[in-house]
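A structural walkthrough
Read off the chains here:
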Amino acid sequence: MSGAVLIDKVSNCAHHTSQLMGHQELAMDIEGINLCRTGRIALIQLCTKSGEVFLFDIAVLGQDAFDKGGLRAVLESEQICKVIFDGRADADALYHQFHVQIRHAFDLQVQHALRFSNSNDRYVKGLKKCLSDANVVPLMERECLEALKEEGLRLFAPEKGGRYEVWMERPLNQALVDYAAADVKYLLSMKAIWHASQDVLQLTRDRLQGAVQAAVPAKGQHMSVRDFSLGQHPQYLGREAVSQKRRIMGGTGPMKRSRPMGGSNRFGLDDDLDDICDPFDGFFGYGSD
């Protein structure tokens, strides 16, 4: 279904990154195991406005993908906007493992919160909720999308009988290729239907920098709590402010289940705080990272 290009040779990597340098914006995501500075990166996905998806096989290419392969230039370019969905763990992993810093990024999780959340809403929302609010997945594609995501989960999610290690095994299973491609397919469409703002760019920059500079990895339940303020002049609050807020509010209701392996909660929490969410409920359930 994905039609994605899997890139596992340095020469091919250099060829495709040179072409991607001509784009103004790219959707970006990363797949891996326990994704943060202490985990492992398997793939980096990039998607163009025309829907071309490129999967850079970091498990095979390693550091060469960024240097000889030119991927560093794309990710650190100030001219290419990288459209992401909660890239804190991604930034943490890239910087501490490969000395690569994501620059000029636009976080759709932040954009959704500024548009839809209020001051009483403690949690950032997940990709499933944001896609639903944006209504960018065509009705005819939803059933197929649900099926391919479920197939991928059965391969790597222990709760489904899978193993996280399959992300590092080669050749990579086609179901995992499709799974990874699906995570970036609709991000640019979601950004396009909502008005972009400088606030999102600034908050994204501060949020990623905060993850990189923190003394501990970007993982854990605190990732589910909104770490920036709302209103006319939103500001990044940082992990310390979030931790304090969680201690104050700790007795007000049940916490949602965190993502497998304690990764960044890109898929967030559902709105109903009285419901314990199922991490594999519906399309775009929790990923491996």
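Residues numbered from 1 in each chain as written. Predicted model: local features only at pLDDT ≥ 70, side-chain atom pairs only at ≥ 80, totals over all residues. Heavy atoms only, no water.

Here we come to the overall build of the protein. Each helix and strand counted, the protein has 11 helices and six strands in total. Per-residue burial over the protein gives 53% buried out of 289 residues. In the protein, 70% of the contacts between residues at least 6 apart in sequence involve partners at least 24 apart. Of the roughly 12300 Å² of accessible surface on the protein, 48% is carried by carbon and sulfur atoms. (Helix = DSSP H or I, 4+ residues; strand = E, 2+ residues; numbered from the N terminus. Buried < 20%, exposed > 50% of the residue type's maximum accessible area, 1.4 Å probe, protein only. Contact = heavy atoms within 4.5 Å. Areas by Shrake-Rupley, 256 points an atom, 1.4 Å probe, with all protein chains shown as cover.)

Enumeration over the complete set of coordinates arrives at five aromatic pairs. Plain terms: the ring middles of phenylalanine 116 and tryptophan 194 are 5.5 Å apart, the flat faces sit at 65 degrees to each other, and that makes the pair edge-to-face. In this pair, phenylalanine 116 is assigned in helix α5 (residues 108-116) and tryptophan 194 in the loop between α9 (187-193) and α10 (198-213), connecting sequence segments 78 residues apart. Classification of phenylalanine 116 as partly exposed rests on a relative accessible area of 40%. (Phe/Tyr/Trp six-rings, centres within 6.5 Å; stacked < 30°, edge-to-face > 60°.)

As summarised here, the arrangement of the six strands in space is β1-β4-β3-β2-β5-β6, forming an open sheet in which the pairing is mixed. Lying at the two open borders of the sheet, with one neighbouring strand each, are β1 (5-7) and β6 (105-107). When the angles between neighbouring strand axes are averaged without regard to direction, this sheet yields 30 degrees. In the sheet, strand β5 (residues 81-84) pairs with β6 via three bridges, with the strands oriented parallel. Each residue of the ladder has a partner; that of lysine 82, found in β6, is alanine 105. Each of β1, β2 (25-33), β3 (40-47) and β4 (53-57) is contacted by helix α1 (residues 10-20), which is oriented at about 140 degrees to β4, the strand it contacts most. Contacts from α5 reach β5 and β6 within the one sheet, and its direction differs from that of β6 by about 50 degrees. (Pairing = 2+ DSSP bridges. Axes fitted to C-alpha atoms, helices over the stretch in contact; angles between N-to-C directions.)

Counting 48 residues, the largest nonpolar core has Phe156, Trp167, Leu187 and Met190 as the members making the most contacts within it. The element contributing the most residues to this core is helix α8 (residues 174-185), with seven residues. With 30 residues, the next largest nonpolar core counts Leu20, Met28, Leu46 and Phe54 among its residues. (Core = buried A, V, L, I, M, F, W, Y, C linked by side-chain atoms within 4.5 Å.)

In this structure, the amide linkage connecting arginine 170 to the following residue, proline 171, adopts the cis form with an omega of 5 degrees. Here proline 171 shows up in the loop between α7 (139-156) and α8. The residue asparagine 135 is not glycine, and still its phi comes out positive at about 55 degrees.

Moving on, we get to the pattern of salt bridges. Summed over the entire model, instances satisfying the criterion amount to 19 salt bridges. Lysine 9 is the partner of aspartate 8 in a salt bridge, and the nearest nitrogen-oxygen pair spans 3.9 Å. The partner of aspartate 133 in a salt bridge is lysine 129, with the nearest N and O atoms 3.3 Å apart. Here aspartate 133 and its partner lysine 129 are both found in helix α6 (residues 127-134), four residues apart, which amounts to about one turn of the helix. Using a relative accessible area of 28% as the deciding quantity, one classes lysine 129 as partly exposed. Beyond isolated ion pairs, a larger network of salt bridges with shared partners links Asp86, Arg88, Asp107, Arg207 and Asp227. (Salt bridge = Lys/Arg side-chain N within 4 Å of Asp/Glu carboxyl O.)

The next thing to look at is α1. Working note: α-helix, 3.6 residues per turn, so residues spaced by three or four point in the same direction. Looking only at α1, the buried set comprises Cys13, His16, Thr17 and Leu20. Along the axis of α1, the buried positions cluster into a sector of 100 degrees, meaning they face one direction only. In the core, the buried residues of α1 are packed alongside β1, β2, β3, β4, α2 (58-61) and α3 (71-75). (Arc of directions from axis to C-beta.)

We now examine the environment of histidine 104. Here histidine 104 shows up in the loop between α4 (88-98) and β6. Among the residues examined, histidine 104 registers a relative accessible area of 27% and is labelled partly exposed. Distance from histidine 104 to isoleucine 80, taken between C-alpha atoms, is 6.8 Å for residues 24 residues apart in sequence. When sequence neighbours within four positions are dropped, the list of residues in contact with histidine 104 reads Ser77, Glu78, Gln79, Ile80, Cys81, Lys82 and Leu201.

Now for the pairing of β5. On any regular strand, side chains alternate: one points to one face of the sheet, the next to the other face. Side chains Cys81 and Val83 project from β5 onto one buried face, and the interleaved Lys82 and Ile84 project onto a second face that is buried too. Bridge count for β2 against β5 is three bridges, and the pairing is parallel. Bridging across to β5, leucine 26 finds its partner in lysine 82. Running through α4, the crossover from β5 to the neighbouring parallel element β6 is right-handed. (Right-handed = clockwise from strand over helix to strand, strands pointing away.)

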